[in-house]
Structure formats: structure tokens, C-alpha cells
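Coordinate inspection notes
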Amino acid sequence: MDELRAALVAHGITLPSLRVDLPSFAGTYRPPAGLVALGNCNTATARRLTAVLQGDGRAPSAAHLELDLLAVPKAVPDLRRAVRGHLGEPCADVQLCVTELVANVIRHVGEGTPVRVRVFRAEARTRVEVTDPDPRALPVLLHATGDDGSGRGLALLEAVALRWGVEQRGGSKTVWCELGEG
């Protein structure tokens, strides 16, 4: 189920009830009007899922992963799995960076903020980008002490990334980092 959930997330498809056994659930569930039994999704999502599974849909590029989601804590595990699935190998540092950048949006811009997460490889580097709609809430690297309860996210990112930065564009900002291979 985790692999299915990650594959669907990688295609931009969100099905809220994927935490249940789909075959038994779909056989007994009567959805409300406008929804289909698979995962409590709307008809447009069901059609997109069908197209992807039949090979007619737009699959993510092998070169990059791009996901639009809401910055909420429960989205992070699926996002981490999608990144791992996309890269096709263990990628703890990349997953850490994605997690910390989304956590910064949750903490400093607000839980439920729409974000776009991009992960792609170029030459011998992996680039992670998280874009949110608040160009004013800029990340600040703090030097947390042992007693501080927070403030270590960007320090962790700086420790594993080759470099990181912020790009502001109109009504949004993108916080990015680049990691070396291996």
C-alpha cells in the first residue's frame, strides 16, 4: 500500500482513504453523490487515475519530480516515499531536505499552505525546491543551542547540502538546495 500511495502521489493523485484495504473497502462502500468508491476521490481524479494506470496519462518525467500539495505534517511521509520512489535508491539526505523545507513552510508560513515541491538531478547533483506563496517569510539560519527546542532545520540542511538559497518571484518564493551524489 505504501508503494501504491507513493506512486499515486508522484502522479499528483491524492486519495484520502488509501489507509484501508482497497479491495474489501471498495466492495462494500457506497460513496456520497459525486464521489467514486476508490479512495473517496471525485470523478475528475478517478479519470486521471484511470488514464495514468492505462498508460494514457502524463507520468512524471524521469528527469524530475514535481508535486503540488498542502504543507501539512501528514503529507510528509508520502512525500518522502515519492522522492525515494522517484530517485530509485536510498536518499536520506534528499528526504531530510524535503522534510525540513516543507516543515519550514508549515511553521513560518502556515499549516495548509499550498506548495510545489520539485526534485531533479542535473549532472552530479540533486536539486530540491519548495515554492510557497509568501515571498516575505524568508528562511533564516539559526545557531540553536542544546537547550533550544527548535531552530535546527536549516542547520541540518546546510550540513548535508552543497549549497542552498532563496529565489523570490512576484507573489512567491522558492527555497532550494543542491546535494552531491552519493
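This text follows the structure it describes.
Residues numbered from 1 in each chain as written. Predicted model: local features only at pLDDT ≥ 70, side-chain atom pairs only at ≥ 80, totals over all residues. Heavy atoms only, no water.

A word on the packing of aromatic side chains
Aromatic ring pairs: the centre-centre distance and the angle between the two ring planes describe each pair. Going by this rule: Pairing of aromatic side chains here covers Phe, Tyr and the six-membered ring of Trp, requires ring centres within 6.5 Å, and sorts the geometry by plane angle: under 30 degrees stacked, over 60 edge-to-face, intermediate tilted. Both a distance and an angle decide whether a charge sits over a ring: NZ of Lys or CZ of Arg must be within 6 Å of the ring centre and within 35 degrees of the ring normal.
The final tally for this structure, using the stated rule, is 0 aromatic pairs. Here the basic side chain of Arg-127 rests over the ring of Trp-176, its NZ or CZ set 4.3 Å away from the ring centre.

Here we look at the pattern of salt bridges
Spelled out, the test is: Between Lys or Arg on one side and Asp or Glu on the other, a salt bridge is scored when a side-chain nitrogen of the former is within 4 Å of a carboxyl oxygen of the latter. What counts as a helix is a DSSP run of H or I of at least four residues, what counts as a strand is a run of E of at least two, and both are numbered from the N terminus. Relative accessibility thresholds used throughout: buried, under 20% of the residue-type maximum; exposed, over 50%; partly exposed, between the two (1.4 Å probe, protein chains only).
Taken as a whole and assessed by the stated rule, the structure comprises 13 salt bridges. For Glu-178, the salt bridge goes to Arg-125, with nearest N and O atoms at 3.1 Å. With Glu-178 in strand E5 (residues 172–180) and Arg-125 in strand E3 (residues 125–132), the pair connects residues that are 53 residues apart, well separated along the chain. Note on Arg-125: relative accessible area 37%, which makes it partly exposed. Here Glu-178 makes a salt bridge to Arg-127, at a shortest N to O gap of 3.0 Å. With Glu-178 in strand E5 and Arg-127 in strand E3, the pair connects residues that are 51 residues apart, well separated along the chain. The residues Glu-178 and Arg-127 share a single accessibility class, namely buried. Overlapping salt bridges bring together Arg-118, Arg-125, Arg-127, Glu-129, Arg-163, Glu-167, Arg-169 and Glu-178 as one network.

Observations regarding the nonpolar core
Definition in use: Buried Ala, Val, Leu, Ile, Met, Phe, Trp, Tyr and Cys residues that are joined via side-chain atoms within 4.5 Å together make up what is termed a nonpolar core.
Residues Leu-79, Val-83, Val-94, Val-102, Val-117, Val-119 and Val-128 are the most contacted members of the largest nonpolar core, which totals 30 residues. Mapped by element, the contributors of at least two residues to this core are strand E1 (64–71), helix H4 (76–87), helix H5 (92–108), strand E2 (113–122), E3, helix H6 (153–160) and E5.

Structural notes on the pairing of strand E4 (residues 163–169)
Selection rule: Strands pair, by our definition, only if DSSP identifies at least two bridges between them.
Pairing geometry for E4 and E5, over 7 bridges, is antiparallel. Of the residues in E5, the one forming a bridge with Arg-163 is Glu-178. Hairpin remark: E4 followed by E5, antiparallel, with 2 residues in the connecting loop; positive phi at Gly-170, about 50°.

Digging into the sheet that holds E3
Strand pairing in a sheet relies on backbone hydrogen bonds, with the paired strands running either antiparallel or parallel. What counts here: Axes here refer to lines fitted to C-alpha atoms; in helices the fit is confined to the stretch in contact. Angles between the N-to-C directions go from 0 to 180 degrees. The contact definition used throughout considers only heavy atoms, calling two residues in contact when any of these lie within 4.5 Å.
Across the sheet, which stays open at both edges, the 5 strands sit in the order E1-E2-E3-E5-E4 with antiparallel pairing between neighbours. Two strands lie at the open edges of the sheet, namely E1 and E4, each paired on one side alone. Adjacent strand axes in the sheet meet at a mean angle of 20° when their direction is disregarded. Bridge count between E2 and E3: 7 bridges; the pairing is antiparallel. Among the inter-strand pairings, Phe-120 is bridged to a residue of E3, identified as Arg-127. Contacting E1 and E2, H4 runs over the sheet at an angle of about 175° to E1.

Spatial relationships are all this shows, so hold off on functional conclusions.
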